[in-house]
Every structure is written in structure tokens, then in C-alpha cells.
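# Commentary on secondary and tertiary structure
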Amino acid sequence: MVKIKDRNLPELAEIYNSGGKDALYKKLRESFGIKYPWSTLDRMKNIDYLGYNEATDRFSVTRTNKLCSPVKPQHICEDKTERNAPKAEVMEKLVKELIGDRLLELSRYVVIDTINKTMIIDKTALTDAGYTLVTH
């Protein structure tokens, strides 16, 4: 579905005023590929700054600040640390997830008792899961 941008509507209103509904529909079909142009005309009639007058069946387009886009500087150099900050955060999150997964896997087979300074390993479950226990 194609949507006409608001910045194009004043031009389309002028086409409607000079050539009528048929000229507007033709422009919408040819230039924008819109299959059902009457929906765009209905939208245009409800937009305040286009100023549709039902009695005269004309638009009185008034240019307002709504049509102007804010100025965006084109050549601003970002600090490299600012650009890399999201990447670093994502990488840190990934590392934490991987470490968490490894610890979860270990917790299935190994229990550490820090008070008694002992480590209990379920060797049967470990070998059944395909791991090999190596001690040295």
C-alpha cells in the first residue's frame, strides 16, 4: 500500500483545483501507483492546512510550518566511543548469556560445597550426556 507523503499534498491540491477530480486521480494512478485514489482525496479534504472548501469544491492551500521539516545537520562527526557504545553493550549482553548458559550446563553435573571445600560430580549423568571427565 502506497501512502502519499504530506509534503506532496499541496501540489496535489493544486492539480485538483486546476484540473478537477479526474486530473488528480490520473496523477495519483500514474505517478504514485495508487489503485484507489478517492481515499487520498478524502484524506486531503480532512487536512486543515489544505483548506478544503466544500461550497466551492476547491482547496485554499496555506503554507505553514507544518510543511517544513526541521534542519538536520549533514556533516556531524560522532565520537567513535558513542558509535561503538551500543555494540559494546550488545557484546557484553551476549557474553553474559553465554557464560550463563555454560554455568547452567555445569550445574547439572557439578555441585560445589564451599563450606566443606568439596566438589560433587555426577559422573554417570556427565558421561550419559556425552562428556568425558578428565582429572589431573
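Let me begin by describing the structure that accompanies this report. (Residues numbered from 1 in each chain as written. Predicted model: local features only at pLDDT ≥ 70, side-chain atom pairs only at ≥ 80, totals over all residues. Heavy atoms only, no water.)

Before going further, it helps to examine the overall build of the protein. A tally of regular secondary structure across the protein gives four helices and four strands. In sequence order, the secondary structure elements of the protein are arranged as α-α-β-β-α-β-β-α. In the protein, which comprises 136 residues, the share counted as buried stands at 18%. The contacts in the protein between residues at least 6 apart in sequence include a share of 38% that link residues at least 24 apart. Of the roughly 11500 Å² of accessible surface on the protein, a fraction of 54% belongs to carbon and sulfur atoms. (Helix = DSSP H or I, 4+ residues; strand = E, 2+ residues; numbered from the N terminus. Buried < 20%, exposed > 50% of the residue type's maximum accessible area, 1.4 Å probe, protein only. Contact = heavy atoms within 4.5 Å. Areas by Shrake-Rupley, 256 points an atom, 1.4 Å probe, with all protein chains shown as cover.)

The pairing of strand 3 (residues 110-113) with strand 4 (residues 118-121) spans four bridges and is classified as antiparallel. If you follow isoleucine 112 over to strand 4, its bridge partner there is methionine 119. (Pairing = 2+ DSSP bridges.)

This part covers the nonpolar core. If you look at the biggest cluster of nonpolar residues, it comprises 17 residues, and the most contacted ones within it are Leu9, Leu12, Leu24, Met44, Leu50 and Phe59. Here the element with the most residues in this core is helix 1 (residues 9-32); it accounts for eight residues. Beyond its immediate sequence surroundings of up to four residues, methionine 44 is in contact with Leu9, Leu12, Ala13, Leu24, Leu50 and Phe59. (Core = buried A, V, L, I, M, F, W, Y, C linked by side-chain atoms within 4.5 Å.)

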